[in-house]
Amino acid sequence: MFVLSFAPVMLCASSCELHQGSEAARGQIVQAEWKQGTSERNSVLAPLRIVAADTLDPVAGIEVQTVLIGPDGGDGGFHTYVTGDDGAVIPRLREGRYQIYLVPPEDSRFVTTQFYGTGNYLVVRDDNAYRPDEFRIAVKPPVSTGNL
């Protein structure tokens, strides 16, 4: 008799931990007011917008990873969405707190940016309200080309 056992795994791009703890890489939450989502089968459609931290322009092609944080701080679910030309995604989320990871394409001017911890989570309430609705993705520092 064989028994298969699988350990829980959080799927995340290898660069997710690259900037953990850095205030600059955490990005900045832009909106603090509650927005109303659209309820659909025990979940909320919560439109989010991703903008560049330096210009505030919408950013296309950013992978937006949502990780539901359970009551014990554990992983309660993982979903990935990709922003369109308008920098928007419309995730389908259940009530709870979500860590947000913004993962840009390797060749872009942006860096992986995380939103986690008190005051930085995406929060979805049981009344279909959520906040924030906009996140800023950090940019790579300028490259110096000066001679010594």
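Here the structure is a predicted model, which means the values were calculated and not measured.

Peer 1: Any details on the side chain of S43? Residues and values, ideally.
Peer 2: Locating S43 in the fold gives a position in the loop between strand 2 (38-39) and strand 3 (44-45). When its relative accessible area of 7% is taken as the criterion, S43 is described as buried. In contact with S43, other than residues within four places in its own chain, are T38, R92, L93 and R94.

Peer 1: Summarise the confidence of the model for the protein; cite the residues concerned and give the values.
Peer 2: Residue-level pLDDT values for the protein average 79, and 72% of them are 70 or greater. Confidence drops under pLDDT 50 across residues 1-26; counting only partners more than four residues distant or on other chains, this segment forms 32 contacts.

Peer 1: A description of the nonpolar core should follow, citing residues and the corresponding values.
Peer 2: Nonpolar side chains tend toward joint burial in soluble globular proteins. I100, L102, L122 and F135 are the most contacted members of the largest nonpolar core, which totals 22 residues. Counting residues per element, the ones that place at least two in this core are strand 4 (48-52), strand 5 (63-69), strand 9 (96-103), strand 11 (122-124) and strand 13 (134-137). The residues contacting L122, other than those within four sequence positions of it, are L48, L93, G96, R97, Y98, I100, Y130, R131, P132 and F135. By size, the runner-up hydrophobic cluster in this structure holds 6 residues, among which are V67, Y101, Y116 and Y121.

Peer 1: Any details on the pattern of salt bridges? Residues and values, ideally.
Peer 2: Pairing is possible between side chains of opposite charge, provided their charged atoms come close. Throughout the structure, instances matching the rule amount to 5 salt bridges. With a closest N to O distance of 3.9 Å, K35 and D133 form a salt bridge. Taken together, the residues K35 in strand 1 (residues 35-36) and D133 in the loop between strand 12 (129-131) and strand 13 connect sequence positions 98 residues apart. On the basis of relative accessible area, K35 is assigned to the partly exposed category, the value being 25%. Residue R109 pairs with D54 through a salt bridge whose shortest N-O separation is 2.9 Å. Note that R109 is positioned in the loop between strand 9 and strand 10 (113-115) and D54 in the loop between strand 4 and strand 5, a separation of 55 residues in sequence. Of the residues examined, D54 reaches a relative accessible area of 45% and is grouped as partly exposed.

Peer 1: I'd like a description of the pairing of strand 13, backed by residues and values.
Peer 2: A two-sided burial pattern is seen for strand 13, the buried positions comprising E134 and R136 on one face and F135 and I137 on the other. Direction of pairing for strand 4 relative to strand 13: parallel, over a ladder of 4 bridges. Bridge pairing in strand 13 links A52 to I137.

Definitions and limits used
Residues numbered from 1 in each chain as written. Predicted model: local features only at pLDDT ≥ 70, side-chain atom pairs only at ≥ 80, totals over all residues. Heavy atoms only, no water. Helix = DSSP H or I, 4+ residues; strand = E, 2+ residues; numbered from the N terminus. Buried < 20%, exposed > 50% of the residue type's maximum accessible area, 1.4 Å probe, protein only. Contact = heavy atoms within 4.5 Å. pLDDT = per-residue confidence, 0-100. Core = buried A, V, L, I, M, F, W, Y, C linked by side-chain atoms within 4.5 Å. Salt bridge = Lys/Arg side-chain N within 4 Å of Asp/Glu carboxyl O. Pairing = 2+ DSSP bridges.

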